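# Results of the structural survey
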Amino acid sequence: MLMLSKHLPSTRTLQCYLAVAQELNFRKAAELLNMSQPPLTRQIQGLEELLRVQLIERDTRRVSLTPAGEAFKHEAHQFLVALDQAVLGMRERFHAADDSAASVRIGLTSVINFALIPSLDGLLKAPAFAAARPLERALSRQLVERVCRGELDIAIVGDIVAPSADLSVESVGCEPMLIVLPDRHPAAADTVVDLRALGDTPLFWFPRADNPAFYDKCERTFKTHGYAPPRRPEPKDFAALLARVAAGEGVALAPESMRATSHVGVSYRALPAKLARLLAIEVHIVARSGETRRAVLEQIDSIRAGLAHALP
């Protein structure tokens, strides 16, 4: 039976709602969806008008779901999962012969500078690798969610916890962490800097929601080493972060590959070996479980080979 109705929400509207329901924060949900807050708010308002029920309660301090919102969150998720499976099923059934590399969508974590991993960087820049399809960069959490939704086929990410059995997560090495500090900080005179040498200098740090697994690992290490500095929100842009470190506003931790980004007034210093291992970012290749398309599997093999001897 053909269903033609003006009373059905779009998949985009459902994705907007699930992002807000997951984050319980309109700003973070908008960042996750790569959109600004006003159109996101309009999507939610339109959905509530369509359903004639309030889904979200929002004031100046918090965002929460109503009982109807909790119920619809489950229904919307189930629908999008079923739709994703239907689309994947059709691709596998009718386009199994399409082995074009152009059909493979790849995302890279924005916290690692792949230019300093020559064996992988050369692969990523090769014209034949992605067949002119741009490689997308974002936070690891956002990339994993996009693989879950079928918007990406492969993602190279940092420490993450697989959100479901729908994903295949393969560890391919570690990226060591460095201390980023102002040139004039007393600890900058040393080649190797322990956390305790940073004293009470503020630490630029990211919110736990950006990467819960890595955040929790670092916090456990900080606690073990008696490091409890005041925190300042970490700028999303690395160049902006370096500018604020150079200005003496605080220190930061960064993957070793990011030291290629130089800035006047900033020094990169190694951590003690044991501490560096504890804080290292584990690098993963993420794809959907049960992936059968040859083009995707070949790209995974290529990435695995590119990282095999590049990371500890």
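Just above sits the structure.
Anyway, here's the lowdown on the structure attached to this text. Because the structure is predicted, anything quoted here is derived from the model rather than measured. (Residues numbered from 1 in each chain as written. Predicted model: local features only at pLDDT ≥ 70, side-chain atom pairs only at ≥ 80, totals over all residues. Heavy atoms only, no water.)

## Concerning the overall build of the chain
Of the regular secondary structure elements, the chain holds eleven helices and twelve strands. Out of the 312 residues belonging to the chain, those deemed buried represent 45%. Accessible surface, the chain: about 16,200 Å² in total, of which carbon and sulfur atoms supply 55%. (Helix = DSSP H or I, 4+ residues; strand = E, 2+ residues; numbered from the N terminus. Buried < 20%, exposed > 50% of the residue type's maximum accessible area, 1.4 Å probe, protein only. Areas by Shrake-Rupley, 256 points an atom, 1.4 Å probe, with all protein chains shown as cover.)

## Some words on the packing of helix α1 (residues 11-23) against helix α3 (residues 37-51)
Closest axis-to-axis distance for the α1/α3 pair is 9 Å, and the angle between their directions is 105 degrees. The pairing of α1 with α3 is recorded here as roughly perpendicular in orientation. Residues Arg-12, Thr-13, Cys-16, Tyr-17 and Val-20 of α1 lie in contact with α3, whose contacting residues are Leu-40, Gln-43, Ile-44 and Leu-47. Classifying every residue of the contact of α1 with α3 by side-chain character gives six nonpolar, two polar and one charged. (Axes fitted to C-alpha atoms, helices over the stretch in contact; angles between N-to-C directions. Parallel < 35°, antiparallel > 145°, perpendicular 65-115°, else oblique. Contact = heavy atoms within 4.5 Å. Nonpolar A, V, L, I, M, F, W, Y, C, P; charged D, E, K, R; others polar.)

## A word on the packing of aromatic side chains
Aromatic ring pairs are described here by two measures, namely the spacing of the ring centres and the angle between the planes. In total, this model carries six aromatic pairs according to the counting rule given. Taking 4.8 Å as the distance between ring centres and 40 degrees as the angle between the ring planes, the aromatic pair formed by Trp-205 and Phe-206 counts as tilted. Owing to a relative accessible area of 6%, Trp-205 belongs among the buried residues under this scheme. A relative accessible area of 12% means that Phe-206 is categorised as buried. Between Phe-206 and Phe-214 the ring centres are 6.1 Å apart and the planes differ by 10 degrees, which places this aromatic pair in the stacked class. Residues Phe-206 and Phe-214 agree in their burial class; the two are buried. Members of the aromatic cluster, each reached through a chain of ring pairs, are Trp-205, Phe-206, Phe-214, Tyr-215, Phe-222 and Tyr-227. Arg-58 extends its terminal NZ or CZ atom over the ring of Phe-26, reaching a point 3.9 Å from the ring centre. (Phe/Tyr/Trp six-rings, centres within 6.5 Å; stacked < 30°, edge-to-face > 60°. Lys NZ or Arg CZ within 6 Å of the ring centre and 35° of its normal.)

## Observations concerning α3
Between its terminal C-alpha atoms α3 stretches 21 Å, which fits the 21 Å expected from 15 residues at 1.5 Å a residue. The complete set of buried residues in α3 reads Leu-40, Thr-41, Ile-44, Leu-47 and Glu-48. On an axial view of α3, the arc spanned by its buried residues comes to 125 degrees, and they lie on one face. More than 90 degrees from the buried face of α3, the exposed residues found are Arg-42 and Glu-49. Residue Arg-52 follows α3 closely and has a positive phi angle near 60 degrees. (Expected span 1.5 Å × (residues − 1). Arc of directions from axis to C-beta.)

## Remarks on the environment of Arg-12
Mapped onto the elements of the fold, Arg-12 is located in helix α1. Residue Arg-12 is classed as partly exposed on the basis of its relative accessible area, which comes to 32%. In this structure the C-alpha to C-alpha distance between Arg-12 and Leu-33, which are 21 residues apart in sequence, comes to 9.8 Å. What Arg-12 contacts, discounting residues up to four positions off in sequence, is Leu-33, Met-35 and Gln-43.

## Things to note about the layout of surface pockets
In this structure, the second largest pocket occupies an estimated 580 Å³ of space. Along the walls of the second largest pocket sit 27 residues, with Ser-110, Val-111, Leu-139, Phe-206 and Glu-234 positioned nearest its centre. Within the residue set of the lining of the second largest pocket, elements represented by two or more residues are α7 (140-148), α9 (238-246) and β10 (252-255). With three residues, β10 is the single largest residue contributor to the lining of the second largest pocket. (1 Å grid on protein atoms, 1.4 Å probe; cavity = no way out; pocket = protein on both sides within 12 Å on 5 of 7 lines; lining within 4 Å. Points joined across faces, edges and corners; volume = space filled by probe spheres on them.)

## Notes on the sheet that holds strand β12 (residues 281-288)
An order of β4-β3-β5-β12-β6 is seen for the five strands of this open sheet, with the pairing classed as mixed. Two strands in the sheet have a free side with no partner beyond their single neighbour: β4 (136-138) and β6 (167-175). Looking at each pair of strands side by side, their axes are set apart by 20 degrees on average, direction ignored. In this sheet, β12 lies alongside strand β5 (residues 154-157) in antiparallel orientation, the contact comprising four bridges. Bridge pairing links Ile-156 to Ile-285 in β12. Together, β3 (106-109), β4, β5, β6 and β12 form the strand contacts of α7, whose direction differs from that of β5 by roughly 160 degrees. (Pairing = 2+ DSSP bridges.)

## Describing the environment of Ala-295
Structurally, Ala-295 is set in helix α11 (residues 294-308). With 191 residues separating them in the primary sequence, Ala-295 and Val-104 have C-alpha atoms 6.8 Å apart.

## Structural notes on the side chain of Lys-217
If you trace the backbone, Lys-217 turns up in helix α8 (residues 212-224). Once residues within four sequence positions are removed from consideration, Lys-217 is found in contact with Asp-159, Leu-278, Leu-279, Ala-280, Ile-281 and Glu-282.

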